[in-house]
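# Structural overview for review
The primary structure of each chain is shown beneath.
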Number of protein chains: 2
Amino acid sequence: MPIRSREIRLASRPHGEPSLEQFSFDTVDLPDPGPGEVLVRNLFISVDPYMRGRMNEGPSYVPAFEIGKAMGGAAIGRVVQSKADNLPEGSLVLSSFGWREAFVAPAGHVQALDPQGAPLTAFLGTLGVTGLTAWGGLFKAASLQDGETVFVSGAAGAVGNVACQFAKLHGCRVIGSAGSTEKIEFLRSELNVDYAFNYNDGDPAQHLRQGAPEGIDVYFDNTAGPQLEAALSSLKMRGRVALCGAIAGYNRPVPGPRNLGLAIGKRIRLQGFIVTDYFPELPAFHAEAIPALLSGKLASHETVVEGLDQAPAAFLSLLHSGDPHTGKLVVRLGD
Amino acid sequence: MPIRSREIRLASRPHGEPSLEQFSFDTVDLPDPGPGEVLVRNLFISVDPYMRGRMNEGPSYVPAFEIGKAMGGAAIGRVVQSKADNLPEGSLVLSSFGWREAFVAPAGHVQALDPQGAPLTAFLGTLGVTGLTAWGGLFKAASLQDGETVFVSGAAGAVGNVACQFAKLHGCRVIGSAGSTEKIEFLRSELNVDYAFNYNDGDPAQHLRQGAPEGIDVYFDNTAGPQLEAALSSLKMRGRVALCGAIAGYNRPVPGPRNLGLAIGKRIRLQGFIVTDYFPELPAFHAEAIPALLSGKLASHETVVEGLDQAPAAFLSLLHSGDPHTGKLVVRLGD
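Residues numbered from 1 in each chain as written. Chains lettered and ligands numbered in written order. Predicted model: local features only at pLDDT ≥ 70, side-chain atom pairs only at ≥ 80, totals over all residues.

### Description of the packing of helix 2 (residues 129–141) of chain A against helix 8 (residues 282–294) of chain A
Any two packed helices are characterised by how steeply their axes cross, that is the angle between the axes, and by the distance between the axes. Residues and elements named next belong to chain A. Interhelical geometry of helix 2 versus helix 8 gives an angle of 95° and a closest axis separation of 10 Å. Relative to helix 8, the element helix 2 is oriented roughly perpendicular. Contacts from Gly-131, Leu-132 and Trp-135 of helix 2 reach helix 8 at Leu-282, Phe-285 and Ala-289. Here the residues of the contact of helix 2 with helix 8 are counted per class, giving five nonpolar, one polar and no charged. (Axes fitted to C-alpha atoms, helices over the stretch in contact; angles between N-to-C directions. Helix = DSSP H or I, 4+ residues; strand = E, 2+ residues; numbered from the N terminus. Parallel < 35°, antiparallel > 145°, perpendicular 65-115°, else oblique. Contact = placed C-beta atoms within 7 Å. Nonpolar A, V, L, I, M, F, W, Y, C, P; charged D, E, K, R; others polar.)

Structure below.
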């Protein structure tokens, strides 16, 4: 009796705003694992804004999703059948096979996970690729120094909240923006950012003048658009921008920053990056992040949505400024 | 009998396009040089696009020109009266007192010049601040490596032509753009660039696809505007942009690059710079540039305009794509 797995596939490519129509649900029969293979049942899957780029035709950061194939992405699961000595039944694993209940794969295509007492979901968020994105963007792409002033857009999101926390841990002054009153409250009360503002409310440049009267040293850009323009105005001499994401432009074109010329006189450096650039730094990242999380200095902020059926809607919500989720958004499939 | 000096002053600040009305001619009586001072008669003065920024109110790269004061800028002159032991009469000096026939200054405020057999005007161009701008932008800001492919906009101009020459000296493939048929011919026949195009003629992105089918590694940006956008599309993985100038936007606003988001996936680095950043590198620059010039591997391309009266019109022409000048534009005041 084969094990069946429901999965969510890309049904069609969106033009502009994606909708639920872009996804289809299908059920597949899984083969028995062959020699060296494991059968993994997913416990949590990750939904992330960067997946919007992969829904387009042609190259993005990472290869495009294929129509008729399951949506890829990070997941945490448990081995339920094993033909691999190094991954006995019951092992926890990280994988990148995405939005499906279960899968069969060679043991070498998944990564054994020892949670060391941290919650499993943290390995999709603060301690995972999401956290490494925040850490690498701040300290590698933007060369953030202790005590500097940093502005993080999309600060209540998965990457943004970790960026704010690391910056605070390094004695920085942090200005954070988000798209709703609830998120602003989260930035203030949970992340202790020094100045929080709603980017739908007023001129971001005016907010930066209030939050950082002497200017910012670093801008961690999750949005592009008007906030990037405001940041270029605010940046001090030799300021740095980590170009991490461009949510404002994922579904529709946004104008480029009209004031990019300021980068000349201010010697600003803008550095695009993808988290994979910093995979070699993972041990250094974990050496800082895991003890900080276990000691309570670093929090894993997440919103957990229940059930595979909810994944498409949860994902789509991430692309809107009215998105109600704070922190990392994960979908729970089982325990 | 005092020595008199004619000078050109900023009469008013331009709004958008500047015109001859922004300048006034005045004559001043120079004092006799005091102890430690020299009286210098200028032989050549420099006119440069960056001066447009200094005509505006408020901070630019360098302090704004003051209304009613002479236009500053680089000049080469000869000491005609000296009360300073280290600068006897007849000495050649570099200074930054700009658009005037003569001046009195402390010897420490000018720099002795030994031309080593090179033409004097080269020290305002290829061997001077202009050349250092090209060299520093390519090799420091953009980390150009031997054999890479580089696109230079405004390639027939003072900075651009030197950037093309240094890139060719380093075995690079060079794509250059300029604004007239005559300049395109100059790029091809004098600079031996590998692909030259008129940026007023057709889509710059299409030209880059032809000139660099595999993409460019480095973009040396003198213009911003549509050419920056085309360069972002063409840049390869881990490409670099030296943000040097933004002539397209000096007199009127230009839209920002709508495709800056490409910098994320391609890990592009954009680095703004000002030549003063590389003043500490001047010995390294001269060690490469002076022997190259004396041996004929590097040429000093310049247009010489005769007489102080012509300086304002020559300067204004630099801000237009129809500008007839190639190479460095200098104004000769005497011999």
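### Looking at the environment of Leu-30 of chain A
Residue and element names in this part refer to chain A. Considering the arrangement of structural elements, one finds Leu-30 in strand 2 (residues 23–30). Among the residues examined, Leu-30 registers 18 C-beta atoms within 10 Å and is labelled partly exposed. Spatially, the C-alpha atoms of Leu-30 and Ala-102 are 8.1 Å apart, while their sequence positions differ by 72 residues. Sequence-distant contacts of Leu-30, that is, excluding residues within four places in its chain, are made with Pro-2, Ile-3, Ser-5, Leu-39, Ala-102, Phe-103 and Val-104. (Buried ≥ 20, exposed ≤ 12 C-beta atoms within 10 Å, placed from the backbone.)

### Let's talk about the relation of the copies chain A and chain B
The transform that puts chain A on chain B rotates by 180° and translates by 0.0 Å along the axis, for an RMSD of 0.0 Å. Put plainly, the chains are arranged around a two-fold axis. Looking at the rotation axis and the C-alpha trace of chain A, the residue lying nearest is Gly-256 of chain A, at 2.0 Å. When the interface residues of chain A are mapped onto chain B, 100% of them again fall at the interface, so both copies present the same face. (Least-squares fit on C-alpha atoms with pLDDT ≥ 70 in both.)

### Considering the interface of chain A and chain B
Listed as interface residues are 28 residues of chain A and, on the opposing side, 28 residues of chain B. Broken down by secondary-structure element, the contributors of at least two residues to the side of chain A that touches chain B are helix 7 (262–265) and strand 13 (269–272) of chain A. In terms of residue count, the dominant contributor to the side of chain A that touches chain B is strand 13 of chain A (four residues). Residue composition of the side of chain A that touches chain B, grouped by class: 15 nonpolar, eight polar and five charged. Relative to strand 13 (residues 269–272) of chain B, strand 13 of chain A runs antiparallel, the two sharing three bridges. If you follow Gln-271 of chain A over to strand 13 of chain B, its bridge partner there is Arg-269 of chain B. (Pairing = 2+ DSSP bridges.)

### Re helix 2 (residues 129–141) of chain B
Residues and elements named next belong to chain B. Under the 1.5 Å per step criterion, the end-to-end length of helix 2 is only 16 Å for 13 residues, more than 12% shorter than the ideal 18 Å. Buried residues dominate helix 2, accounting for 12 of its 13 residues. Within helix 2 the residues assigned to the buried category are Val-129, Thr-130, Gly-131, Leu-132, Thr-133, Ala-134, Trp-135, Gly-136, Gly-137, Leu-138, Phe-139 and Ala-141. Looking at the buried positions of helix 2, the neighbouring elements they touch are helix 3 (158–169), strand 11 (216–221), strand 12 (235–243), strand 13, helix 8 (282–294) and strand 15 (328–332). (Expected span 1.5 Å × (residues − 1).)

### Some details on the domain arrangement of chain A
Residue and element names in this part refer to chain A. Split by domain assignment, chain A resolves into domain 1 (3–125 + 300–332) and domain 2 (129–277). Here domain 1 and domain 2 have C-alpha centroids that lie 28 Å from each other. On the domain 2 side, the residues contacting the 20 residues of domain 1 number 19 residues. Looking at the side of domain 1 that touches domain 2 residue by residue, the class counts come to eight nonpolar, seven polar and five charged. (Domains from an automatic or database assignment.)

### Quick word on the sheet that holds strand 8 (residues 149–152) of chain B
The strands making up a sheet are joined through hydrogen bonds of the backbone, oriented either antiparallel or parallel. Taking strand neighbours across the sheet as the criterion, the 12 strands line up as 10(A)-9(A)-8(A)-11(A)-12(A)-13(A)-13(B)-12(B)-11(B)-8(B)-9(B)-10(B) in an open arrangement whose pairing is mixed. Of all the strands in the sheet, the pair left with one neighbour each is strand 10 (195–198) of chain A together with strand 10 (195–198) of chain B. On average, each strand axis in the sheet is inclined to that of its neighbour by 15°, with strand direction left out of account. Relative to strand 12 of chain B, strand 11 of chain B runs parallel, the two being bridged by five bridges. Across the sheet, residue Asp-221 of chain B finds its bridge partner in strand 12 of chain B, namely Leu-243 of chain B. Sheet strands touched by helix 2 of chain A: strand 11 (216–221), strand 12 (235–243) and strand 13 of chain A. Its angle to strand 12 of chain A, the strand with the most contacts, is close to 145°. Here helix 6 (residues 226–234) of chain B sits on the sheet and contacts strand 8, strand 9 (173–178), strand 11 and strand 12 of chain B; the angle it forms with strand 11 of chain B, its principal contact strand, is near 165°.

### Comments concerning unusual backbone geometry
One non-glycine residue with positive phi stands out, namely Asn-192 of chain A, at about 55°. With respect to the helices and strands, Asn-192 of chain A occurs in the loop between helix 4 (181–189) and strand 10. Unlike most non-glycine residues, Arg-267 of chain B shows phi in positive territory, near 50°. Tracing the sequence through the fold places Arg-267 of chain B in the loop between helix 7 (262–265) and strand 13.

### What about the nonpolar core?
Of all hydrophobic cores here, the largest spans 213 residues; its most connected members are Leu-138 of chain A together with Leu-138 of chain B. Apart from the residues lying within four places of it in its own chain, the contact partners of Leu-138 of chain B are Leu-144, Ala-163, Phe-166, Ala-167, Phe-220 and Ala-242 of chain B. (Core = buried A, V, L, I, M, F, W, Y, C linked by C-beta atoms within 7 Å.)

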